[in-house]
Amino acid sequence: MAAIVGALGTTFASSSSSYSFRSSSSVLRKLTHFYHPSYSASLRGSFAFFRFCSRGGKCMAHSLARANLGLTNPAPNEAPQISFGAKDIDVLEWEGDLLAVGVTEKDVDKDENSKFKNPILNKLDSRLGGLLAEVSAEEDFTGKVGQSTVIRYPGLGTKRVSLIGLGQSASNVAAFRGLGEAVASAAKASQASEVAISLASSQEHSSESKPNIASAIASGTILGIFEDNRYKSESKKSALKSVEIIGLGSGAEVDKKIKYAQDLSSGILLGRELVNSPANVLTPGALAAEATKIASTYSDVLSATILNEVQCKELKMGSYLGVAAASTNPPHFIHLCYKPPSGPVSVKLGLVGKGLTFDSGGYNIKTGPGCSIDIMKIDMGGSAAVLGAAKAIGQIKPLGVEVHFVIAACENMISGTGMRPGDIITASNGKTIEVNNTDAEGRLTLADALDYTCKQGVDKVIDLATLTGACIVALGPSIAGVFTPSDDLAKEVLAASETSGEKLWRMPLEDSYWESMKSSVADMVNTGGRPGGAITAALFLKQFVDEKVQWMHIDMAGPVFSDKKRTATGFGVATLVEWIQKNAS
């Protein structure tokens, strides 16, 4: 990551070939989710199936040993099995374990008699004999974001009532998703099985917006209740079984939006699990096996093509193979293709994810404070977003759109076969690159992946990558940088991010900065100077995109991982799915 790139390659002349398949029962028997308890055995089956992906059989035994380094066999992680419902009933009529009410700072205002002005809170407080007002005053609960209070009261239909702060106002997806996550935390703490969620001022929201609010709350609840315990010797399961959303409408439209939230959340959770998985478990081969499993599960709309090293040489992917050259774990070039179940296709989209399952920095090894080598398992965050989106789209099945999900998966390691500073490599579009920094490897893998994707006939392509530390310096840990020469594509994706609640900020593509990327012995170098490092990285990628294709680069180095929680966020999945939906008929 940081200033990431490394490679070693040559120009290869040969006809291209690939191994493509539609999933079948035999494939399903061999491809098991990489975190299944029988991982070791299933991975052996996967490698047998992917024998064509090895280096002509070279180092296969070593690759198997590396894949199970440390004898780590992740436990199965069951996705939350929560039933959702939407009802228009009085909150006092509901019976269950926990009634959670989202309140703004305005909602908790009281009159001269210390009674809530808000009618729903006033009604609840009256039933509780004034206890709600009393406790909120004692705990100084003012409705700010992050605040919550819980009251246990046996005389009500619900065992517990919780107030959860939404801040000054709640009007965006992030706020309502945050409400769902807060409710999930309260449910965990009380081991609640049945939960209801309401807004104190639901009447202030339009009937058109209520289904989307319900969807965001449902998504937040699913994401909040889930814990990635695959690598813990002991774990505690959530008791939550059902969630009813009260006061935001009912019927087909709300149900449809909640189902969409469930499909989307499953993709986000997959993205989190992939990024959280350590490099000794999630090798390039295991990532390819996971991609194939997605295609197997949704074989009515998804197909998979996995290219081995020999096939990548035939396609002249010297830039990608240069990065992969030092690792004993062979590279796997992943291509999933979504085609709608019926009807014509009006637009073809491409999603390219950086797939460095570990980045040592190569000979420009990451050293010193702040190098973050200890979390370089996250350097495949772009590919996690792409596969998470593929899983969600496989369930949603939008019409009118074809989508290509592409990942050049490999590791950036150090060995006598590895790429060295000063080497010149040749990408699949014929352009030559002088490698002046092997820790700027991500863009080298993306170069061949972007060229390959454009050759699939796509109209628009987005690449996502944990590419530069410079982008984190510019935008901080919560915002991804967006680079594109297309104003139309920028509007589409930024609108999708508004809907998804993920934070993107458009950055300039300053063409004059390309001067620092010129080489005296090749077409370009792979890194420029420190100033504008995120911009020059984007300008580098631009060299490998067909001019007829609308292109966007998303540098997600900051928001892919939460340093505070020390866990993956699943960033990017929601925006990609929304963007695909907006392009669908």
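Everything numeric here is computed off the predicted structure, so don't read it as measured data.

Calculation rules
Residues numbered from 1 in each chain as written. Predicted model: local features only at pLDDT ≥ 70, side-chain atom pairs only at ≥ 80, totals over all residues. Heavy atoms only, no water. Buried < 20%, exposed > 50% of the residue type's maximum accessible area, 1.4 Å probe, protein only. Helix = DSSP H or I, 4+ residues; strand = E, 2+ residues; numbered from the N terminus. Pairing = 2+ DSSP bridges. Axes fitted to C-alpha atoms, helices over the stretch in contact; angles between N-to-C directions. Left-handed = near helix turned anticlockwise from the far one by under 90°. Contact = heavy atoms within 4.5 Å. Nonpolar A, V, L, I, M, F, W, Y, C, P; charged D, E, K, R; others polar. pLDDT = per-residue confidence, 0-100. Core = buried A, V, L, I, M, F, W, Y, C linked by side-chain atoms within 4.5 Å. Domains from an automatic or database assignment. UniProt positions renumbered as here; feature names shortened; annotations may be inferred. 1 Å grid on protein atoms, 1.4 Å probe; cavity = no way out; pocket = protein on both sides within 12 Å on 5 of 7 lines; lining within 4 Å. Points joined across faces, edges and corners; volume = space filled by probe spheres on them. Phe/Tyr/Trp six-rings, centres within 6.5 Å; stacked < 30°, edge-to-face > 60°.

Trainee: Is there a simple way to explain the pairing of strand β3 (residues 96–103) in this structure?
Mentor: Regular strands place their side chains on alternate faces of the sheet. Counting buried residues along β3, eight of its eight residues qualify, which places the element largely inside the surrounding structure. In this structure, β3 lies alongside strand β5 (residues 158–165), joined through seven bridges in parallel fashion. Residue pairing in the sheet places L98 in a bridge with R160 of β5. Inspection of the sheet shows β3 paired to strand β6 (residues 194–199) by five bridges, in the parallel sense. Pairing of L99 across the sheet is with A196, part of β6.

Trainee: When you look at the packing of helix α7 (residues 210–225) against helix α8 (residues 252–276) in this model, what are you seeing that I'm missing?
Mentor: To describe two helices that pack against each other, one gives the angle between their axes and the distance between the axes. Relative to each other, α7 and α8 sit at 35°, their axes nearing to 8 Å. Crossing of α7 over α8 shows right-handed handedness. Taken together, the residues of α8 that come into contact with α7 (itself represented by P211, N212, A214, S215, A218, S219, I222 and L223) are E253, V254, K257, I258, Y260, A261, Q262, S265, I268, L269 and R272. Of the residues contributing to the contact of α7 with α8, the split by class is eleven nonpolar, five polar and three charged.

Trainee: Honestly, the sheet that holds β5 in this entry has me stumped. Any pointers?
Mentor: Within a beta sheet, neighbouring strands are joined by backbone hydrogen bonds and run either parallel or antiparallel to one another. Sheet architecture is open: six strands sit in the order β2-β7-β6-β3-β5-β4, paired in mixed fashion. In this open sheet, the two edge strands, each paired with only one partner strand, are β2 (83–87) and β4 (148–152). Averaged over all neighbouring strand pairs, the angle between strand axes comes to 20°, with direction disregarded. Of the strands in this sheet, β3, β5 and β6 are in contact with helix α4 (residues 119–127), which crosses β3 at around 145°.

Trainee: Would you explain the confidence of the model for the protein in this entry?
Mentor: Interpretation of the predicted coordinates at a detailed level should be avoided for regions scoring low in pLDDT. Residue-level pLDDT values for the protein average 88, and 88% of them are 70 or greater. The low-confidence segment residues 1–65 (pLDDT under 50) makes 198 contacts with residues lying over four places distant or belonging to another chain.

Trainee: Even after reading the chapter, I still don't get the pairing of strand β14 (residues 460–465), so can you show me in this structure?
Mentor: Counting buried positions along β14 gives six out of six residues, so the element sits mostly inside the fold. Side-chain alternation along β14 places K460, I462 and L464 on one buried face and V461, D463 and A465 on a second face that is also buried. Note: β14 against strand β18 (residues 550–555), six bridges, orientation parallel. Paired with L464 across the strands is I554, a residue of β18.

Trainee: It is not clear to me how the nonpolar core should be interpreted in this structure. Could you clarify?
Mentor: Most often, soluble globular proteins keep nonpolar side chains buried together rather than apart. Of all hydrophobic cores here, the largest spans 103 residues; its most connected members are L351 and F405. If one sorts the elements of this core by residue count, α8 sits on top with ten residues. Both domain 1 (83–229 + 236–250) and domain 2 (262–583) contribute no fewer than three residues apiece to this core. Beyond its immediate sequence surroundings of up to four residues, L351 is in contact with V386, A389, V403, H404, F405, V406, I462, L576, W579 and I580. If you look at the next biggest cluster of nonpolar residues, it comprises 48 residues, including Y320, L446, L541 and W551.

Trainee: Honestly, the environment of A538 in this entry has me stumped. Any pointers?
Mentor: Topologically, A538 is positioned in helix α16 (residues 533–542). Look at A538 and you get buried, because its relative accessible area is 0%. Beyond its immediate stretch of four places on either side in the chain, A538 contacts F483, L509, W551 and H553.

Trainee: For this particular structure, what's the right way to read the UniProt feature "domain: Cytosol aminopeptidase" (unreviewed entry) in the protein?
Mentor: As recorded in UniProt, the sites labelled "domain: Cytosol aminopeptidase" (unreviewed entry) are residues 437–444. Helix makes up 38% of residues 437–444 and strand 0%, whereas the separation of the span's terminal C-alpha atoms amounts to 11 Å.

Trainee: Got a minute to help me understand empty space enclosed by the protein in this structure?
Mentor: The method is simple in principle: a probe with the dimensions of a water molecule rolls over the atoms, and the space it marks as empty is what remains. What the rule picks out here adds up to four cavities of 30 Å³ or more. Taken as a whole, the largest cavity spans an internal volume of roughly 40 Å³. Taken together, L464, E502, L504, I554, F571, G572, T575 and L576 make up the lining of the largest cavity. Split into classes, the residues belonging to the lining of the largest cavity amount to five nonpolar, two polar and one charged.

Trainee: Sorry, what's going on with the packing of aromatic side chains here?
Mentor: What characterises a pair of aromatic rings is the spacing of the ring centres plus the angle enclosed by the ring planes. A complete count under the given rule lists three aromatic pairs for this structure. For the pair F333 and Y452, a centre-to-centre distance of 4.7 Å together with 70° between the ring planes defines the contact as edge-to-face. With F333 in strand β9 (residues 332–338) and Y452 in helix α13 (residues 442–454), this residue pair connects regions lying 119 residues apart in the sequence. On the basis of an interplanar angle of 50° and a centroid distance of 5.2 Å, the ring pair of F540 and F544 is categorised as tilted. According to the relative accessible area criterion, F540 is buried, its value standing at 0%.

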